[in-house]
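# Chain and residue survey
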Amino acid sequence: MSRFLLLIMTIVIASSLPSCSRREQTPPKVSLAYAKLLSSLDPKAPGASFDKLQWFARNHSQYTIASVVEKELKARQKGLEAAYLKGRDLVREERFDEAESILKDLADNLQEERPGRLSREFLNFDFPFTKASRLLLKGEIAAAEKTIRDLMKKNLTEEQMVAAQRFLDGAGTTSLINRKIRKASLISAANIMRAHLSAYYANWGQYPNELNSHSLELISLHDNEIFNKAVSSIENYTSTHDDFSLILVGKDTSERIRLTQNGIAEITTPGRQPIPAERGFTDEGEEAK
């Protein structure tokens with residue numbers, strides 16, 4: 001006997017038992033509909049499953065099968081609490097997509113049960129705020145800021161709005177600090193490159209005719225940790241017998257430095273304010289004499 005037929009027989013027997021509420025005997029087609037409903041429920045969506053069972057109980061409350069459905073709903077209550085706790089644990093593990101799927105299922109389908117209320121409250125503010133905080137810690141500042149700006153489009157409380165604004169203040173400060181660190185690293189890489197090309201000139205009496213990140217002339221720099229961490233590419237290299245010009249592009253490709261035989265100059269991206277010059281460089285980015 002198949003599991004589905006066994007399920008139907010169990011439902012029919014249970015729904016035909018006497019009920020203190022004097023409900024009507026359940027018609028076979030309703031028992032069959034309930035059996036099909038149970039077999040179709042998605043275990044990965046406990047909120048939606050609970051909602052469908054509630055709908056069935058309300059729409060067939062006149063039949064004895066309603067008592068069977070009510071027992072099923074009661075048995076699933078603990079599963080709803082467990083799903084909420086699992087969703088919160090997934091957030092702590094930074095598995096945000098999985099957590100959101102679970103919590104959204106509860107929030108959208110459970111209007112009166114506690115897991116639904118808790119999920120709605122958490123998803124409204126704490127979930128995106130926590131996600132943004134983790135993104136910021138991982139250095140994904142732009143993604144963190146976008147998450148908070150999207151959050152601010154909601155109807156936040158005054159306290160929540162203040163927290164969101166403070167987050168953006170902190171993210172801005174972190175972004176500036178990171179830019180200064182990257183700039184200092186790029187300048188160090190430029191000095192390494194300049195020293196390397198000066199040595200090449202001293203040995204060969206001229207600068208390389210062509211140069212890019214994979215040039216054999218730079219093979220000794222391939223194992224230089226400072227250079228490799230700071231530079232993503234070399235662009236616009238030109239040279240004559242006694243001079244050269246190139247652009248070092250940082251890991252953030254908006255950060256660039258022009259390097260010539262005479263010195264280093266920062267190239268400012270249009271619309272972006274230059275960072276105050278480091279020691280040894282003028283406000284225009286030229287190397288101080």
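Anything mentioned here points back to the structure above.
Residues numbered from 1 in each chain as written. Predicted model: local features only at pLDDT ≥ 70, side-chain atom pairs only at ≥ 80, totals over all residues. Heavy atoms only, no water.

## Observations concerning the sheet that holds strand 1 (residues 231–239)
Test applied: Only strands joined by at least two bridges in the DSSP assignment are considered to pair. A run of H or I in DSSP becomes a helix once it reaches four residues, and a run of E becomes a strand once it reaches two; helices and strands are each numbered from the N terminus. Convention adopted: a line fitted to C-alpha atoms gives each axis, helices being fitted over their contacting stretch, and angles between N-to-C directions are expressed from 0 to 180 degrees.
With respect to topology, four strands assemble into an open sheet ordered 1-2-3-4, the strand pairing being antiparallel. Strands at the two margins of the open sheet, each flanked by one partner only, are strand 1 and strand 4 (263–267). Pairwise comparison of adjacent strand axes, ignoring direction, gives a mean angle of 20° for this sheet. In the sheet, strand 3 (residues 256–260) pairs with strand 4 via five bridges, with the strands oriented antiparallel.

## With respect to unusual backbone geometry
Quick reminder of the rule: Only protein chains enter the accessibility calculation, which uses a 1.4 Å probe; a residue is then buried when its area is under 20% of its type maximum, exposed when over 50%, and partly exposed in between.
Backbone geometry at Glu-94 places phi at a positive 65°, although glycine is not the residue there. The backbone of Asn-236 sits at a positive phi, close to 55°, despite the residue not being glycine. Structurally, the position occupied by Asn-236 is in strand 1. Using a relative accessible area of 51% as the deciding quantity, one classes Asn-236 as exposed.

## Some thoughts on helix 7 (residues 141–151)
Filter applied, for reference: Note that the arc is computed from the directions linking the helix axis to the C-beta atoms. Contacts between residues were defined by any pair of non-hydrogen atoms, one from each residue, lying within 4.5 Å.
Where helix 7 is concerned, the buried positions are Ile-141, Ala-144, Thr-147, Ile-148 and Leu-151. Angularly, the buried residues of helix 7 cover 125° about the axis, an arc narrow enough to put them on a single face. In helix 7, the exposed residues that point more than 90 degrees away from the buried face are Ala-142 and Lys-146. Buried residues in helix 7 make contact with helix 6 (114–137) and helix 8 (158–204).

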